Amino acid sequence: MTTAPPSGTPRARSGTEVWRPRARRAMAWSSLAGLLFALAAAAVVRAWRDELPAQIASHWSGSGEPDGFMSPTALALVAVATTAVLCGLFAVIGLTQGAAASTRRITAGGCVWSGAFMAAIVVGTLAPQRGLADASQVGLSGAALLAAVLLPLVPAGIAAALVPGDPAMPAAEAVPDDAPRATLRDGERAVWLRRATGGPGLAVGAVAVALTTLAAALTAEWTMLVVPLLLAALFVTMFAFTVRVDPAGLTVRSAARWPGTHVPADEVVRASVTQVRPLRDYGGWGWRTARDGRVGVVLRSGDALLVERTGGRSFAVTVDDPAEAAALLNTMAERAR
Amino acid sequence: MWRIDPASDEPLYAQLVAQVRLGVAHGTLRPGERLPAARELAASLELNMHTVLRAYQVLRDDGTLELRRGRGAVVASTATDLTDVERAVAELAAAARRAGLSVQTTTTLVTEAMHR
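For clarity, every value in this text was computed on a predicted model and none was experimentally measured.

## Quick look at unusual backbone geometry
Here the residue pair tryptophan 258 of chain A and proline 259 of chain A is connected by a cis peptide bond, since its omega of 0° sits within 30 degrees of zero. Checked against the element boundaries, proline 259 of chain A lands in the loop between β5 (249-254) and β6 (260-264). Here aspartate 321 of chain A, not a glycine, exhibits a phi torsion of approximately 60°, which is positive. When you line up the elements, aspartate 321 of chain A lands in the loop between β11 (313-317) and α9 (322-336). The phi dihedral of glutamate 46 of chain B falls on the positive side, at around 55°, and the residue is not glycine. Mapped onto the elements, glutamate 46 of chain B comes out in the loop between α2 (38-44) and α3 (49-61).

## Some points on the nonpolar core
All names here are of chain A. Counting residues in each nonpolar core, the largest one holds 106 residues, and the members touching the most others are Ala41, Ala79, Val122, Leu305, Val317 and Leu329. Counting residues per element, this core draws most heavily on helix α3 (residues 101-126), at 13 residues. Sequence-distant contacts of valine 122, defined by excluding residues within four places in its chain, comprise Ala41, Val45, Leu75, Ala76 and Ala79.

## Some remarks on the interface of chain B and chain A
Accessible area lost when the parts come together is the quantity often used to give the size of an interface. With twelve residues of chain B at the contact, the number on the chain A side is twelve residues. Take the side of chain B that touches chain A: its biggest share by element is three residues, from strand β1 (residues 2-4) of chain B. Looking at the side of chain B that touches chain A, its residues break down into eight nonpolar, one polar and three charged.

## Describing the domain arrangement of chain B
Looking at chain B, the domain boundaries give domain 1 (12-75) and domain 2 (83-115). Placing the centre of domain 1 of chain B and that of domain 2 of chain B at their C-alpha centroids yields a distance of 28 Å.

## Concerning the sheet that holds strand β7 (residues 268-276) of chain A
Residue and element names in this part refer to chain A. Overall, mixed pairing links the five strands, which are arranged β7-β10-β11-β9-β8 in an open sheet. One side of each edge strand has no neighbouring strand; the edge strands of this open sheet are β7 and β8 (286-289). In this sheet, adjacent strand axes meet at a mean angle of 20° when their direction is disregarded. Taken together, the four bridges between β8 and strand β9 (residues 295-298) define a ladder with antiparallel strand orientation. Across the sheet, residue tryptophan 287 finds its bridge partner in β9, namely valine 297.

What counts, and at which threshold
Residues numbered from 1 in each chain as written. Chains lettered and ligands numbered in written order. Predicted model: local features only at pLDDT ≥ 70, side-chain atom pairs only at ≥ 80, totals over all residues. Helix = DSSP H or I, 4+ residues; strand = E, 2+ residues; numbered from the N terminus. Core = buried A, V, L, I, M, F, W, Y, C linked by C-beta atoms within 7 Å. Buried ≥ 20, exposed ≤ 12 C-beta atoms within 10 Å, placed from the backbone. Contact = placed C-beta atoms within 7 Å. Nonpolar A, V, L, I, M, F, W, Y, C, P; charged D, E, K, R; others polar. Domains from an automatic or database assignment. Pairing = 2+ DSSP bridges. Axes fitted to C-alpha atoms, helices over the stretch in contact; angles between N-to-C directions.

Next up, the structure:
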């Protein structure tokens, strides 16, 4: 078993650019949708302009007293500008790294969430200040803040669902001769199943949840409990995955059933073993998209199964004993040709 | 890796049983390790789920597996360590080859020794 060269090497480059129009389309409409949310909030501010104090409270100190003030127009401008910057960031990621549909979904969802979040912040901040002459006594509602974080998840989820998945792209060329194969007799069936676990995920998750719960308890702010809850949900979906290689191809799914991904056997260009350094190669742990668009389920450093896929895509998962999985996947890819 | 050869004379469930026993013998399946859910294994190998469940039951009856509701099939902590047997079999095979014995003759010798 040879160690694969770093993924994204020229071998998988044929037809690499087919995803770019799809990425451009997804980033265009999701950025537009995000901006429309912010502009709608600005329109609401305009509609309320006669009812709002000249200087509205826009920032609160830890004790709940407002300590920052600005004009309603300035708040609307800040919201629109911040949305533009956030959407721009997501769009750059989607346009440069969006080879996989999952990446385009995450970035489109991010754009929409940003705009809806800024809109919810503006509306949630200003609604209680209507009809006040002086904003110096207005409180900050934890529930409004909570709603501003959570409600935008709905349009973001819809946007992610609207991004079309990758169309079927069967590989045209045969599996390379030097790729390892599993020795299967004609008609023999085989499946490779393993749990991908390990790494710092579980420990980091437990500490993060404990600390944010403690912070919520110490500040007696119940809405703060949403932070450990969201963190717990994130870590539950990210700390363990099942990896399956069978005649259908490669299936990697979170132990929490979601998220997951499937690489059909006929889209496998080549499977191999690689060494993964989470921070250097993927910028962290969990479900990752690297700077060049490679997708990875990265739970620990070391041995990983690497699948080069049609359309210039690549997927890696850190799992023990990947040599056997790579060999079987190459054999299944060959059978699917 | 789990394999099924439908062309083999060995019944399908027995092929699974043999693989689990070999896995435990070789140490690739360790005590406490969870086997795949019968449904998942059956789907991937295009088997009837009852074929997989039958294999798991045979393995539970001989003490290789523990079947627990909700946890599925787990390699028993009492699963026999076959390392010594594996080593002896390897030596036996080498000695039989040196002596020019056929597989049948060697198997007969082993069968006879087991019945002694």
